[in-house]
Amino acid sequence: MGGVRIVSTRLLVGGILVLLVVMGVFVWYLTGRESGKVGEVTQTPTIIAGGRQIVLLGSGATFIYPQLDAWAKEFSKRYSNVRIEYNPTGSGTGQRQFIEKVVDFAGSDPPLSKKNWEQARGDPRGVIQLPVVIGAVVMVYNIPGLEGRLKLNGEVIALIYLGEIEYWDDPRIKALNPELKLPHERIIAVHRSDSSGTTHVFTLFLYKASKGKWPKELVEKAIEWPVDKTGRGLGGKGNQGVADIVRRTAYSIGYVEYSYAILAGLPWALVENAAGRFVDATPETLAKAAEAAYPLLPQSLEDDFNEAWEDMVYPPGEDSYPITSFSFLIFYKVYPRDKAEAIRKFIEWINTEGQNYIVQGYIPIPEIVREYNLRAINIISEG
Amino acid sequence: MKYGRKSLHDKIVFYSLAIPAIIIALILLLLLLTQTSLSIPIFNVQGVTSTYISTTWRPSYEPPPTGAWYGLLPAIWGTLTSAIIAVLLALPLSLSVVIFVEEILPRRFREYISAIIDLMAGMPTVLFGIWGLSFLGPILQAYVMTPLHEYLGFIPVFSCKPLAPATVLTAGVLLSLMIFPFMVVVIQETYRAIPITYKEAGWSLGLTMYEYVKLNMSMISPAIVSAILLGFGRASSETAAVALVVGNAYNIGFCILSPAYTISSLIANQFTESGDFPYMQNALFAGGLILLIIGLIVNTIGIILLRRLRF
Amino acid sequence: MPNWRSLKSNVFIVLVVILALIAIAPVFHIIIYITLRGLPVILEAGIEFFISTPAAVIAEKPGGIAPAIVGTLFMTTMATIIAVPIAVLAATFSAEYPNHIITKAVRATSRSLLEVATILVGMLVFALIVLPLGRFTGLAGAIALAIVMIPYVYTYTELALLSVPKTYIEAGYSIGLKKAQVIYLVTLRIARRGVMRGVTIGVAKAMGETAPLLFTAFGARNVIFGGPLEPMDAIPLMIFQFIQTGFENWNKLAWGGAFVLLVLYLTLFIISRRIVREVRV
């Protein structure tokens, strides 16, 4: 074989081998290493449970993932031998994996379903659920040239999504916003195209707050939207998708989680609450809603939370923002010795110091709910 | 002599080579079996036909047919329309590249073009995806889709207002860029195989370039059909890039300026959470099954066509 | 008439050139665009980008993509270790027994696998490995990537083996070599560049795949390497998931990761081209 040899085979094989060795050393060097020095480490790290490496594996809701991930990272900086790995697999998968005991804890937007809760309670390892994050659904809109904030109530929102209110200057919207100059333009109603806890909370709110206009059958994580049949409905994937469509579409309205509305920089409407007042979604009004919902929470963390969760959507209270819900972390009552200690520390930490590490758009839970959650420390035992 | 002796040695060689070969042959079988057996539960509650022709996608904790319902037609429709757009756009592109390289470009530059084509063919698809999401989509929305809707909105396919950059058309355009390199390779190989005597005969008739190319192309038309089919197969099976630009809305309609789902993007988006609901995962496996069947049929026909074409 | 004919032909040529350029231009734009958006992220983060885990979305700096890099290296290597022996031996079988029924089955399968949607491979591995094991693992991801890789290695190897001149093989037998020796010392040795090209192309393909990993490796980003039986990250997976979030930190990591993936791909691409060129001289 004559001619110019660009690279000899031997050289190539040698090169690949060297590369593999370098990669191997790289992997070996990094194996088990935690994150490098990112951000400021404010406290000196502590070790617990005798310093053994502990991995807490969690799985579930995507909504709480950014917040939980931030907590996990800060917690590992503080307690250097504990690592928390949370997979955003979806609430249902999280619940199932919790029942199957392949994870140490689960995250879920709705609490454990009645069936799952009964199964978990019957198990020797038991179950407790902690409301750790407040979720709020806000009505974002895009009306070019509109001055002032839109006001809406459950009935009007329901009629928009039912397709019965067609124009922004409909008398029923005008009645709520006498001071606004609303355009004679068709309303484009944006909703989620995927199955989502946000849709569940939103449709439950419509059912409870629309004076019978929104039917019970349309309360679900994914529904067939009546407004779609009029050609004025649009689906978006995820909160991100809905926010993107609203931002790009004039005269549209959509519902997204509070944190995404902030990220997208969209205005949102004031919504009439159960006490008949139009309330803005702010950290304060969301905390007020959580406080107002607190008496509705079950006596014990070991109880079923379904009823309380439904009550919390459209909660009582003068200053409560109406479309709110809790997201839960679900734990066993009994853990192996080291893990029990780590779990207790984690629960304690997120309900105290962890409240200083709140991701923008997420709402810290009020003091009273934190105290409620801290009861878990006395419930979790070693076995 | 090679095959004559059946010594122990030869047997050992035979089996140690045959077992890996059988393993590979089993993969496809396993794929078909798994997709089918995991689709059966949804067929039992909804029926095969209504699973594929229904347009409703309604996950629920209540099992179908009373609670949930999983109709795959919108996703199948999205797959077909985006792949058809992709092929329609990729065909002129790939034919032009072949003609350009074979008949126009000086011989010494050919190598570069074929390197670029290879480069595109192997590019990780997620890279096409993020480019499509952040560059191509917005550009198409502003400079192609909006004018199309404004000036040609009376045609049903352009009748809906392009509300988002991620639409069936965006997916189709992006896919056309991803599949045309494969089509170029198929067409080019056959084009080069046209016997030189045929080509010389063409020139000696005093044909213009256009007539000459047209004649050559008509000789290899089965290869072009085959390229179309193989391109269609590629386009319908692409996942990551499409999931980023198709919009993922469960719509069905003739308008290509609206977001939609394809089968693969539906699976990519909803599979992990499908464990939440009874039968939903089975419905997605039924989607995978139809995707597998479409792919196998299209590719088999494509390959048979290619093999028939011998000069 | 002749004028009309040549005019038509000239218009045709112009059109062909324009369309060909339109077809080829985007790849350059993609490379430049990803570099412009990805490289600054890496330059800003420095070495952190390669040795850290992604930072929390509230952090000031985005952190790094070490779990994705290590995951991609691990799973691609594992996939290569699984796929190459199987594919090369199977290709040898096809070359040795070209008319055997198994050869026909393997050829058909391999051709189909080249075209089958890779997300179906992910679903297969999910059903056969993830479900029984009860968890997402890097190993499952590696197996899915191996299945993606096999047809590429098989096809190129078979092609290379079939092009080995028969005289060399017969010469091997005539000096008294046994079949295994002929295959190993003569056929595979002569065809080794073709085999290596297949491996390189297969590795490039497997490394860039997203869909087969979605429900097998799934992604885990708080530890750089948690072990083969833990969920594992990969560069394409990280890009796909982070670009769809609204968090600036994560979007930056996605772009930086895209640049890394692009560089890895271009490197493998150049290697595979060099192998071809070497064969041709």
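Heads up: the structure comes first, above all this text.
Residues numbered from 1 in each chain as written. Chains lettered and ligands numbered in written order. Predicted model: local features only at pLDDT ≥ 70, side-chain atom pairs only at ≥ 80, totals over all residues.

Peer 1: Looking at this model, I keep getting lost on the packing of helix H3 (residues 73-104) of chain B against helix H6 (residues 168-193) of chain B. Mind explaining?
Peer 2: Helix-helix packing: each pair is described by the crossing angle between the helix axes and the interaxial distance. Residue and element names in this part refer to chain B. Between H3 and H6, the shortest axis-to-axis distance is 5 Å and the interhelical angle comes to 40°. The orientation of H3 with respect to H6, classified from their angle, is oblique. Regarding H3 and H6, the two cross each other, and that crossing is right-handed. In terms of residue class, the contact of H3 with H6 is made up of 21 nonpolar, seven polar and one charged. (Axes fitted to C-alpha atoms, helices over the stretch in contact; angles between N-to-C directions. Helix = DSSP H or I, 4+ residues; strand = E, 2+ residues; numbered from the N terminus. Parallel < 35°, antiparallel > 145°, perpendicular 65-115°, else oblique. Left-handed = near helix turned anticlockwise from the far one by under 90°. Nonpolar A, V, L, I, M, F, W, Y, C, P; charged D, E, K, R; others polar.)

Peer 1: What am I meant to see in the pairing of strand E1 (residues 54-60) of chain A here?
Peer 2: Taken residue by residue, a regular strand's side chains alternate between the two faces of the sheet. All names here are of chain A. Of all seven residues that make up E1, five are buried, and the element is covered over most of its length. Where E1 lies against strand E2 (residues 82-87), six bridges are found, and the strand directions are parallel. For Ile54, the partnering residue across the bridge sits in E2 and is Val82. Taken together, E1, helix H2 (residues 65-78) and E2 form a β-α-β motif whose crossover is right-handed. (Buried ≥ 20, exposed ≤ 12 C-beta atoms within 10 Å, placed from the backbone. Pairing = 2+ DSSP bridges. Right-handed = clockwise from strand over helix to strand, strands pointing away.)

Peer 1: Help me understand the interface of chain B and chain C in this model?
Peer 2: Think of interface size as the accessible area that goes away when the parts come together; that is how it is often given. On the side of chain C, 69 residues touch chain B, which itself brings 65 residues to the contact. With 19 residues, helix H1 (residues 8-46) of chain B is the single largest residue contributor to the side of chain B that touches chain C. Taken together, the residues of the side of chain B that touches chain C sort by class into 46 nonpolar, 16 polar and three charged. (Contact = placed C-beta atoms within 7 Å.)

Peer 1: Looking at this structure, I do not really get the nonpolar core. What am I missing?
Peer 2: Soluble, globular proteins show a tendency: their nonpolar side chains are buried together. Ranked by size, the top nonpolar core spans 328 residues in total, and within it A:Met139, B:Leu127, C:Ile150, C:Val153 and C:Ile239 carry the most contacts. The dominant element in this core, judged by the number of residues it contributes, is helix H3 (residues 66-96) of chain C, at 18 residues. Among all residues touching C:Ile239, those that are not within four sequence positions of it are B:Val126, B:Ile130, C:Ala254, C:Gly257, C:Ala258 and C:Leu261. (Core = buried A, V, L, I, M, F, W, Y, C linked by C-beta atoms within 7 Å.)

Peer 1: How should the environment of B:Pro74 be read in this particular structure?
Peer 2: Residues and elements named next belong to chain B. Turning to its location among the elements, Pro74 is positioned in helix H3. For Pro74, a count of 22 C-beta atoms within 10 Å puts it in the buried group. Spatially, the C-alpha atoms of Pro74 and Tyr52 are 9.1 Å apart, while their sequence positions differ by 22 residues. When sequence neighbours within four positions are dropped, the list of residues in contact with Pro74 reads Thr55, Trp57, Tyr250, Asn251, Ile252, Ala260 and Tyr261.

Peer 1: I would appreciate a short explanation of the environment of B:Ile139 in the present structure.
Peer 2: Within the secondary structure, B:Ile139 sits in helix H5 (residues 125-152). A residue is classified by how many C-beta atoms lie within 10 Å of it, and B:Ile139, with 15 of them, is partly exposed.

Peer 1: What am I meant to see in the sheet that holds strand E9 (residues 270-272) of chain A here?
Peer 2: The strands making up a sheet are joined through hydrogen bonds of the backbone, oriented either antiparallel or parallel. All names here are of chain A. Overall, mixed pairing links the three strands, which are arranged E5-E9-E10 in an open sheet. Whereas interior strands pair on both sides, the edge strands pair on one side only; in this sheet they are strand E5 (151-152) and strand E10 (278-279). Here E9 runs beside E10; their pairing, made up of two bridges, is antiparallel. Residue Glu272 lies in a different strand from E10, and its bridge partner there is Phe278.

Peer 1: So what exactly am I meant to see when it comes to the pairing of strand E7 (residues 233-236) of chain A here?
Peer 2: Residues and elements named next belong to chain A. Every second residue of E7 is oriented toward a common face, with Gly233 and Gly235 on one face and Leu234 and Gly236 on the other, all of them buried. In this sheet, E7 lies alongside strand E6 (residues 188-192) in parallel orientation, the contact comprising four bridges. By the bridge assignment for E7, His191 is matched with Gly235. Taking the sense of rotation as the criterion, the β-α-β connection linking E6, helix H7 (residues 197-209) and E7 turns out right-handed.

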